[in-house]
Amino acid sequence: MPELKHALSTVPSASATYDGVAPKSVDESKKQPSKLFSSLIAPPAGGRRMTLLEVGAALPETVDYLSRYKCRIHFLDLYSEPMLQQLHEFSPKQKAEWFREVLVFPAGTKLDVCLFWDFLCYLDDKALRAFNDALRPWLHQDTRSHGFGVRHLAIKLNNQRYGIIDDTTLSVRPCQALQPKTWPHTQVEMHDMMSCFDFEQGLLLPDGKLEMLLRARPEAFRN
Amino acid sequence: MFERNRNKQQKSPQREEARVAPQSPSLGSPPPVASQGAAVIGPGVEISGDVNATADLVINGKIKGSIVQGSHTVEIGEQGQVIARVRAKLVKVSGEVRGDIIGDEKVMITRTGRALGNIAAPRVQLDDGALFKGSIDMTPVETAKPAAPAVEKPAAATAKAPASASTREATPGAAAPASTLNKDQVRKEPSLTLKSG
């Protein structure tokens, strides 16, 4: 595993515009600066269409931002799935089955970018592993992803969803769906269970969350 | 299964032509962005089958079929419900669409719009409050290939009355399902074609 500690740093100016409190309405959406996001979205070589997965609802600013790219975005709002609320109560086999059912894309789809946002924080160890396994067929060796993590329960995870305003700014809106139970994971655990990915970079945010940039692990795609 | 068998026993549908009168300001609810002369399918009208419009089309009723297509603008009003593929130069959804949406120029989902299906367009606009489930395929104009013609030109305006067409009373100034129109009511008009069967 790469030494993530070397990559960890704080975001000096983040607290100036982001207080970590979810807005009460869409109109009160807030902005969150991101130092990692700018390097995530890049059109594939050869003019190929970029394919993205967003685990969350389609937000106007995200669609508007991505409209500059030749791309296909799959919006998968798993937060609206009642199953997510009780996922931890199901067996590993049932979790795996559910993720295989919901992670279905047109034949031949290979995701270039995955936007997980807070979703990984709502999965327990078994669910995280099942999610990783179900996602693997849709990834390729250059897939990259972005998400946030919490290392312990003392870090408050607001019930919120994210949009993209520009290369360095995300929007944060309250999530209407019921917030699932939070499952903190250390970096080592996350690395072990999300075996398709390596940590490329991580940033410790002022609210205690870890912003993660992940890159496909080449070994995961060798036959 | 039983429904299908029942339909088979019914008489073969006759080919008919249907016309939708241009919208009158005094009739029906005014469409939000309809241009003058737009064809309007009013509230209370339910069509089972395909719709092909050569003029702007505003849908405030219900359409269930395989495709709704227009050469210019297709707008699904707040009361409109479409269970079909929708294709036009500009598609604006303020009501509900269950099916893929193809915009040769743009697709807009307004704050009251609900779309379940995939969208393909050079430009897509979602308003705050819009509900969308599916994928979005975008090709910005500068990289887009020349758009294919939005609508196949209808060789003849035809409407085949569906054996299983579910119809309701047509509102004034709105499209009436072909199957409910008698010969006096059915007039030739190139702006809107209903086809089902």
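Residues numbered from 1 in each chain as written. Chains lettered and ligands numbered in written order. Predicted model: local features only at pLDDT ≥ 70, side-chain atom pairs only at ≥ 80, totals over all residues. Heavy atoms only, no water.

**Remarks on helix α5 (residues 92-102) of chain A**
All names here are of chain A. Rules: For each residue, the accessible area found with a 1.4 Å probe, counting protein chains only, is set against the maximum for its type, and the residue is called buried under 20%, exposed over 50%, and partly exposed in between. Secondary structure elements follow DSSP: runs of H or I no shorter than four residues count as helices, runs of E no shorter than two count as strands, and numbering proceeds from the N terminus. Summarising the geometry, the arc corresponds to the directions from the helix axis toward the C-beta atoms. By the convention used here, residues are in contact when the closest approach between their heavy atoms is within 4.5 Å.
Among the residues making up α5, those that are buried are K95, A96, W98, F99 and V102. Projected down its long axis, α5 shows its buried positions confined to an angular sector of 165 degrees, all on one face. For α5, the exposed residues set more than 90 degrees away from the buried face come down to K93, R100 and E101. Buried-residue contacts for α5 involve α4 (82-86) and α6 (125-135).

**Details of the sheet that holds strand β6 (residues 160-166) of chain A**
Residue and element names in this part refer to chain A. Note the threshold: DSSP-based pairing: two strands are paired if at least 2 bridges between them are found. Note on definitions: angles span 0 to 180 degrees between N-to-C directions of axes, and those axes are lines fitted to C-alpha atoms, for helices only across the stretch in contact.
Sheet architecture is open: three strands sit in the order β1-β7-β6, paired in antiparallel fashion. Sheet topology places β1 (30-33) and β6 at the edges, where each strand pairs with a single neighbour. Direction aside, neighbouring strands of the sheet carry axes that sit 35 degrees apart on average. Relative to strand β7 (residues 169-174), β1 runs antiparallel, the two being bridged by four bridges. The residue of β7 that forms the bridge with P33 is T169.

**Focus: the side chain of N132 of chain A**
Residue and element names in this part refer to chain A. Rule in force here: Distance and chemistry together define a polar contact, namely a pair of N or O atoms within 3.5 Å, with one atom able to donate a hydrogen and the other to accept it when in protein, and with adjacent residues in sequence counting only for side-chain atoms on both sides.
Tracing the chain through its elements places N132 in helix α6. Among the polar contacts listed, one links the side chain of N132 to the side chain of S195, at a separation of 2.9 Å. Those residues in contact with N132 that sit more than four places away from it in its chain are M193, M194, S195 and C196.

**Looking at the interface of chain A and chain B**
Here is the rule: Using a 1.4 Å probe, buried area is obtained as the accessible area two parts lose upon being combined, added over both of them. The term salt bridge refers to a side-chain nitrogen of Lys or Arg lying within 4 Å of a carboxyl oxygen of Asp or Glu. Each residue gets one label: Ala, Val, Leu, Ile, Met, Phe, Trp, Tyr, Cys and Pro are nonpolar, Asp, Glu, Lys and Arg are charged, and the others, such as Gly, are polar.
The interface is formed by 19 residues belonging to chain A together with 15 residues belonging to chain B. Around 1,400 Å² of area is buried between chain A and chain B when both sides are counted, 49% of it from carbon and sulfur atoms. On the chain A side of the contact with chain B, P60, V63 and S67 of chain A bury the most area, a combined 31% of that side's loss. Between the two partners, chain A and chain B, sit four salt bridges. Where R123 of chain B meets D64 of chain A, a salt bridge forms, and the shortest distance between an N and an O atom there is 2.8 Å. For the pair chain A and chain B, the interface holds 10 residue pairs in polar contact (both at pLDDT 80 or more). Contributing elements (two or more residues each) for the side of chain A that touches chain B: α3 (60-66) and β3 (71-75) of chain A. The element best represented in the side of chain A that touches chain B is β3 of chain A, accounting for five residues. By residue class, the composition of the side of chain A that touches chain B is 10 nonpolar, three polar and six charged. Bridge count between β3 of chain A and strand β14 (residues 131-138) of chain B: five bridges; the pairing is antiparallel.

**Comments concerning α6 of chain A**
Every α-helix winds through 3.6 residues per turn, so residues three or four apart in the chain are directed the same way. Restricting attention to buried positions, one finds in α6 of chain A the residues A127, L128, A130, F131, N132, A134 and L135 of chain A. Contacts from the buried residues of α6 of chain A go to β2 (50-54), α5, β4 (111-117), β5 (139-149), α7 (187-193) and β8 (197-204) of chain A.

**Focus on the packing of aromatic side chains**
Counted only if it meets this: What counts as a ring pair is set by centres within 6.5 Å for rings of Phe, Tyr and Trp (its six-membered ring), and what kind of pair is set by the plane angle: stacked under 30 degrees, edge-to-face over 60, tilted for all other angles.
For the structure shown, the criterion picks out 14 aromatic pairs over all chains. Relative to F132 of chain B, the ring of F75 of chain A has its centre 6.1 Å away and its plane inclined at 85 degrees; by these criteria the two rings are edge-to-face. With one member in each of two chains, F75 of chain A in strand β3 and F132 of chain B in strand β14 form a pair that bridges those chains. Here the two residues F75 of chain A and F132 of chain B agree in accessibility, since each one is buried.

**Let's talk about the nonpolar core**
The condition is simple: Side-chain atoms within 4.5 Å link the members of a nonpolar core, which is a set of buried Ala, Val, Leu, Ile, Met, Phe, Trp, Tyr and Cys residues.
Ranked by size, the top nonpolar core spans 56 residues in total, and within it I41 of chain A together with V68 of chain B carry the most contacts. When residues of this core are assigned to their parent elements, the largest contribution, six residues, is made by strand β8 (residues 81-93) of chain B. Setting aside anything within four residues of it in sequence, one finds I41 of chain A in contact with M50, L52, Y65, L66, Y69 and I164 of chain A. In this structure, L87, C114, C121 and Y122 of chain A belong to the second largest nonpolar core, which totals 43 residues.

**Examining the side chain of D50 of chain B**
All names here are of chain B. The topology assignment puts D50 in strand β4 (residues 50-53). Within the structure, D50 has its side chain in polar contact with the side chain of S66 (distance 2.8 Å). Only 3.2 Å separates the side chain of D50 from the backbone nitrogen of I67, close enough to count as a polar contact.

**Examining unusual backbone geometry**
One non-glycine residue, W117 of chain A, adopts positive backbone phi at about 50 degrees. Looking at W117 of chain A, the relative accessible area reads 2%, which means it is buried.

**Points about the pairing of strand β13 (residues 123-126) of chain B**
All names here are of chain B. Alternating residues of β13 divide into V124 and L126, all buried, and R123 and Q125, none buried. One ladder, built from four bridges, connects strand β10 (residues 101-109) with β13; its direction is parallel. Among the inter-strand pairings, V107 is bridged to a residue of β13, identified as V124.

**Notes on the pattern of salt bridges**
By the definition in use, this model includes 16 salt bridges over all chains. The salt bridge involving R87 of chain B is made with D104 of chain B; its shortest N-O contact spans 3.0 Å. Of this pair, R87 of chain B sits in strand β8 while D104 of chain B sits in strand β10; the two residues are 17 residues apart in sequence, bridging distant segments of the chain. Accessibility classification places R87 of chain B together with D104 of chain B in one group, the buried group. Put simply, E96 of chain B and R98 of chain B hold a salt bridge, and the shortest N to O gap is 2.7 Å. Taken together, the shared-partner salt bridges connect R49 and R72 of chain A together with D137 of chain B into one network.

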